[in-house]
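# Geometric and topological summary
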Amino acid sequence: MASQEQLSAIKGAKVLMVGAGGIGCELLKTLALSGFQDIHIIDMDTIEVSNLNRQFLFRQSHVGQSKAKVARDAVLRFRPGISITPYHANVKESHFNVDFFKEFDVVLNGLDNLDARRHVNRLCLAADVPLVESGTTGFLGQVTVHLKGKTECYECQPKPAPKTYPVCTITSTPSKFVHCIVWAKELLFAKLFGDKNQENDLNVRSSDAASSSEHSEDVFECRKDEDIEQYGRRIYDHVFGHNIEVALSNEETWKNRNKPRPIYSKDVIPEKLTQQNGNAEKGCATDDVSAMASLGLKNPQDVWSLAENSRVFLEALRLFFLKREKEIGSLTFDKDDQLAVEFVTAAANIRASSFGIPLHSLFEAKGIAGNIVHAIATTNAIIAGLIVIEAIKVLKKDSTNYRMTYCLEHPSKKMLLMPVEPYEPNKSCYVCSETPLSLEINTHRSKLRDFVEKIVKAKLGMNLPLIMQGASIIYEVGDDLEEDMVAIYAANLEKTLSELPSPVTSGTVLTVEDLQQEFSCSINIKHREEFDEEKEPDGMLLSGWVEAPVAKDNDKPIGNGESTSNALPEEEILAADKDVEIQETESATGKKRKLSEVSKDTTPDHSGVPDGSRNQNEVEKLDVDDEDELIVSDDWESLTKKKRL
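This report concerns the structure included in the present document. (Residues numbered from 1 in each chain as written. Predicted model: local features only at pLDDT ≥ 70, side-chain atom pairs only at ≥ 80, totals over all residues. Heavy atoms only, no water.)

On to the overall build of the protein chain, then. Each helix and strand counted, the protein chain has 17 helices and 17 strands in total. By the burial criterion, 53% of the 645 residues in the protein chain qualify as buried. Carbon together with sulfur atoms contributes 48% to the accessible area of the protein chain, which is approximately 28700 Å² in total. (Helix = DSSP H or I, 4+ residues; strand = E, 2+ residues; numbered from the N terminus. Buried < 20%, exposed > 50% of the residue type's maximum accessible area, 1.4 Å probe, protein only. Areas by Shrake-Rupley, 256 points an atom, 1.4 Å probe, with all protein chains shown as cover.)

Moving on, we get to the packing of helix 12 (residues 306–323) against helix 13 (residues 338–354). Viewed as axis vectors pointing N to C, helix 12 and helix 13 meet at an angle of 140°, and their least axial separation amounts to 8 Å. Here helix 12 is positioned oblique relative to helix 13, judged by the angle of their axes. Crossing angle aside, the handedness with which helix 12 passes helix 13 is left-handed. Contacts between helix 12 and helix 13 involve Leu306, Asn309, Ser310, Val312, Phe313, Ala316, Leu317, Leu319 and Phe320 from the former and Leu339, Ala340, Glu342, Phe343, Thr345, Ala346, Ala347, Asn349, Ile350 and Ser353 from the latter. Here the residues of the contact of helix 12 with helix 13 sort into 13 nonpolar, 5 polar and 1 charged. (Axes fitted to C-alpha atoms, helices over the stretch in contact; angles between N-to-C directions. Parallel < 35°, antiparallel > 145°, perpendicular 65-115°, else oblique. Left-handed = near helix turned anticlockwise from the far one by under 90°. Contact = heavy atoms within 4.5 Å. Nonpolar A, V, L, I, M, F, W, Y, C, P; charged D, E, K, R; others polar.)

Of note, Lys397 is a non-glycine position whose phi angle comes to about 55°, a positive value. Within the element layout of this structure, Lys397 appears in the loop between helix 15 (377–395) and strand 8 (404–412). On the basis of relative accessible area, Lys397 is assigned to the exposed category, the value being 67%. Phi at Glu518 is positive, roughly 50°, even though this residue is not glycine. By the element assignment, Glu518 lies in the loop between strand 13 (509–514) and strand 14 (519–527). Look at Glu518 and you get exposed, because its relative accessible area is 54%.

Further remarks concern the pattern of salt bridges. For the structure on display, the rule yields 21 salt bridges. When the shortest N-O distance is used, the salt bridge between Lys14 and Glu103 registers 3.3 Å. Of this pair, Lys14 sits in strand 1 (residues 14–18) while Glu103 sits in the loop between helix 4 (98–101) and strand 4 (106–109), placing them 89 residues apart in sequence. Where Asp115 meets Lys92, a salt bridge forms, and the shortest distance between an N and an O atom there is 2.2 Å. In this pair, Asp115 is assigned in helix 5 (residues 114–127) and Lys92 in the loop between strand 3 (83–87) and helix 4, connecting sequence segments 23 residues apart. Under the relative-accessibility criterion, Lys92 is labelled partly exposed at 22%. (Salt bridge = Lys/Arg side-chain N within 4 Å of Asp/Glu carboxyl O.)

Turning our eyes to something else, we now look at the nonpolar core. By size, the foremost hydrophobic cluster in this structure holds 59 residues, and its most contacted members are Phe193, Phe313 and Phe343. Elements supplying a minimum of two residues to this core: helix 7 (177–193), helix 8 (228–248), helix 11 (291–295), helix 12, helix 13 and helix 14 (362–369). The leading source of residues in this core is helix 7, at 12 residues. Sequence-distant contacts of Phe313, defined by excluding residues within four places in its chain, comprise Leu188, Gly232, Ile235, Tyr236, Phe240, Phe343, Ala346, Ala347 and Ile350. (Core = buried A, V, L, I, M, F, W, Y, C linked by side-chain atoms within 4.5 Å.)

Moving on, we get to the packing of aromatic side chains. Two measures describe an aromatic ring pair: the distance that separates the ring centres and the angle between the ring planes. Overall, the coordinates contain 21 aromatic pairs when judged by the stated rule. Residues Tyr430 and Phe519 carry aromatic rings whose centres are separated by 5.9 Å and whose planes lie at 55° to one another, so their mutual orientation is tilted. Remark: Phe519 occurs in strand 14 and Tyr430 occurs in the loop between strand 9 (415–420) and strand 10 (437–441); sequence separation between them is 89 residues. A network of ring pairs unites the aromatic residues Trp183, Phe189, Phe193, Tyr231, Tyr236, Phe240, Phe313, Phe320, Phe321, Phe333 and Phe343 as a single cluster. If you follow Lys14 out to its NZ or CZ, it ends over the ring of Phe104, 5.2 Å from the centre. Just above the ring of Trp183 sits the side chain of Arg351; from NZ or CZ to the centre is 4.5 Å. (Phe/Tyr/Trp six-rings, centres within 6.5 Å; stacked < 30°, edge-to-face > 60°. Lys NZ or Arg CZ within 6 Å of the ring centre and 35° of its normal.)

Given a rise of 1.5 Å per residue, 19 residues ought to cover 27 Å, and the 27 Å separating the end C-alpha atoms of helix 15 matches this to within 8%. Immediately beyond the C-terminal end of helix 15, within one or two residues, lies Lys397, with a positive phi of roughly 55°. (Expected span 1.5 Å × (residues − 1).)

Here we come to a nonpolar patch on the surface. Residues Ile382, Leu416 and Leu417 make up a contiguous nonpolar surface patch of about 220 Å² in total accessible area. Among the residues examined, Leu417 registers a relative accessible area of 34% and is labelled partly exposed. (Patch = residues over 30% accessible without salt bridge, like charges linked within 9 Å, V, L, I, M, F, W, Y side chains within 5 Å.)

Next up, the structure:
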């Protein structure tokens, strides 16, 4: 039972929840039942079918509706006397500014992405409002408390660091199934069903165009004299046959690698595609268009043969053009789009077969393509309860009892919940300690656009940046800018740093601000001529911005049960610019600072962990999400193999 002091703190509190998903549903319910009277919820998402297995406030009839609004209505049915204010909006919208955050006594995060978490962290710092952060992945979870000047902020410690691969790894020399998935999802699917004008490395032309007129044109354009099956086979032969032959012509590439084999449709399936074990038109009669249904393939956990993958590929492409033609040109991959998942699975498997990579089932491929680790409702409920416990301590200003709590999959010292005292602010944190940053960059070659996209937005997480050199503004974003200034700043983006009206050269100090976040930092510029394309593909190096060190590649499977510090496998996404790189994040392996006065009894027991993991016997933060969309693993099978500490 809550004490009178706790009840008083709870009833008088105004609470902001950010996120109404897996953690958010549990959190709103727990807040309401704990006696909180004034709760505000921000969430931009609508309810999807895949949410219903764990986000218990939602029902089938709610699909497509606002999560925040439906969650409010559901809770008011059993707690009608309280005030719940929903906002179906993005927390990064301008009206959710520092003044808005100042209205609240505590902010509780149940977000599912790093960018939004950083944004909320900065607003809480600027508003001097306590933040309780949280996350779950499978059976693992965490709750952390952040108070300005008293504990570390969300960005004080390294987050999973990007490990970069050149795009040629994805387009020319894949060695892992995840490379094939990224190729199928971000290149082939996007080229066929997204913006056809986008440039990528799929439209390979023969070096001797005169001898191959077929490849001197855009092969992705459907010809007037061909039907859908002919078009599908031509695409198949181009990407899995012709492109592989072109790649093989570069003998230097394959001196130390296994050569791929070109695959042509006529060698795998008959010239006239026949439907097997199913009725194509019957399978297409419903709104849920499916190549598997058309072909009579029922079990998503079966690993299809090359012939079956080829049939699914051609059938999925046919169904897109027959049943969803109006969407073509604007489609993006969606893990909840059955036909898209089928197409990507088949394409990835055909490419994997070409490169001698083991094939995967649709279930496994969907997990990789959709960045899925299946959420556990019980973990969300535990974490929501811990959030409320910490929120009550914050409202009582009981700082001596604040705890960061980690939820483990397997008991350590007979404990599944690992509480530790919060860390002090990191004095080198550029967010809460305003430590200057240093940037090595070629000021004669790098454009202002490169600096804005790769540093200001991607690494510093600013949404509405203002960049100044001394008193001169060289770039600004905002709705209230005059047209002539917008044109000037747009022109500046295309200039190299040394060509700007206020030239940026070695020794220049730039001030970068985000007025919405009320966040500012200084960046010392150092000119550097050359960069290692493999190790520094951005062509610039930011120092003082601390990121987690990247673990070396090895064949050791990563399982949730090894330790909380390396519980997260790798994630791989395609960079926006085709000439940049593919990014893959790995779990943080660097040690955190020593825990403050933590007894030996609360230290995880790693006696059963191999020697390579014993140096990580301190609990570390998981930068994880409450949703399914979390990770892509190079060793996907290892996720289903539990390992005990």
